[in-house]
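Observations on chain architecture
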Amino acid sequence: MATTGEHGAAPPGWFVAPGESDVLAWLSLALIIVGIYALVTLYAAFDRWAERESHGTPLAKTIPTMLTIALLYEIFPLGHFHILLPISAILIALMADWSRFNLRGAAPDAAHDQASKTGEDDHV
């Protein structure tokens, strides 16, 4: 508890004189670091789960990209960035998924062309 000083006002209970160690500040800093580490670990576990679940779907790259953007908004104050920055990252991931999804139908032809170039024949 604070006691009155010579001027009638006591220093607050959390006041630390210059040159002394502040245990509460170090404990708060450690708690913040552990909290951020736990948040990143939980997002990473969820990201791995979402990536496993989205494998083979049309949004296989978009879902992890959106989770990464959500993590960045959770940890860092990204309000000063323009909204087009995360939207462009999501659109790039969507276009990558779209092109991969559309190239899936062309893959057997590409494999057949490669086999014909090497001289392999599927028909015996």
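Structure: see above.
The rules behind these values
- Residues numbered from 1 in each chain as written.
- Predicted model: local features only at pLDDT ≥ 70, side-chain atom pairs only at ≥ 80, totals over all residues.
- Heavy atoms only, no water.
- Helix = DSSP H or I, 4+ residues; strand = E, 2+ residues; numbered from the N terminus.
- Buried < 20%, exposed > 50% of the residue type's maximum accessible area, 1.4 Å probe, protein only.
- Contact = heavy atoms within 4.5 Å.
- Areas by Shrake-Rupley, 256 points an atom, 1.4 Å probe, with all protein chains shown as cover.
- Axes fitted to C-alpha atoms, helices over the stretch in contact; angles between N-to-C directions.
- Parallel < 35°, antiparallel > 145°, perpendicular 65-115°, else oblique.
- Left-handed = near helix turned anticlockwise from the far one by under 90°.
- Nonpolar A, V, L, I, M, F, W, Y, C, P; charged D, E, K, R; others polar.
- Patch = residues over 30% accessible without salt bridge, like charges linked within 9 Å, V, L, I, M, F, W, Y side chains within 5 Å.
- Salt bridge = Lys/Arg side-chain N within 4 Å of Asp/Glu carboxyl O.
- Phe/Tyr/Trp six-rings, centres within 6.5 Å; stacked < 30°, edge-to-face > 60°.
- Expected span 1.5 Å × (residues − 1).

Next up on the list: the overall build of the protein. Secondary structure assignment for the protein yields 4 helices and 0 strands. Sequence-ordered secondary structure for the protein, helices as α and strands as β, is α-α-α-α. In the protein, which comprises 124 residues, the share counted as buried stands at 11%. Of the contacts made within the protein by residues no fewer than 6 positions apart, 58% connect residues no fewer than 24 positions apart. Surface summary for the protein: the accessible area is close to 10200 Å², and the carbon and sulfur share equals 70%.

Turning next to the packing of helix α2 (residues 62-75) against helix α3 (residues 84-103). Relative orientation of the contacting elements α2 and α3 amounts to 165 degrees, with a least axis distance of 8 Å. The pairing of α2 with α3 is recorded here as roughly antiparallel in orientation. In this structure, the crossing between α2 and α3 has a hand that is right-handed. Seen from α2, the contacting residues are Thr62, Thr65, Met66, Ile69 and Tyr73; seen from α3, they are Pro86, Ala89, Ile90, Ala93, Leu94 and Asp97. In terms of residue class, the contact of α2 with α3 is built from 8 nonpolar, 2 polar and 1 charged.

Below, the discussion takes up a nonpolar patch on the surface. Together, Leu59, Tyr73, Ile83, Leu84, Ile87, Leu91 and Leu94 give the surface a local cluster of nonpolar side chains, amounting to about 610 Å² of exposed area. Top contributing element to the nonpolar patch by residue count: α3, with 4 residues. Relative to the helices and strands, Ile83 is located in the loop between α2 and α3.

Our focus in this paragraph is the environment of Ala44. Here Ala44 shows up in helix α1 (residues 23-54). Taking the relative accessible area as the measure of exposure, Ala44 reaches 28% and is therefore partly exposed.

A separate point is the packing of aromatic side chains. Under the counting rule described, the total for this entry stands at 1 aromatic pair. Residues Phe46 and Trp49 carry aromatic rings whose centres are separated by 5.6 Å and whose planes lie at 25 degrees to one another, so their mutual orientation is stacked. Within this pair, Phe46 and its partner Trp49 are both found in helix α1, separated by 3 residues, close to a single helical turn.

Taking 1.5 Å of rise per residue, 32 residues should cover 46 Å, and α1 covers 46 Å from first to last C-alpha, within 8% of that figure. Here α1 has its buried residues at Tyr43, Ala50 and Ser54.

Time to look at the pattern of salt bridges. A full pass over the atoms with the stated rule returns 1 salt bridge. The closest approach of N and O atoms between Arg100 and Asp97, which form a salt bridge, is 3.8 Å. Highlighted residues: Arg100 and Asp97, both in helix α3, separated by 3 residues, approximately one helical turn.

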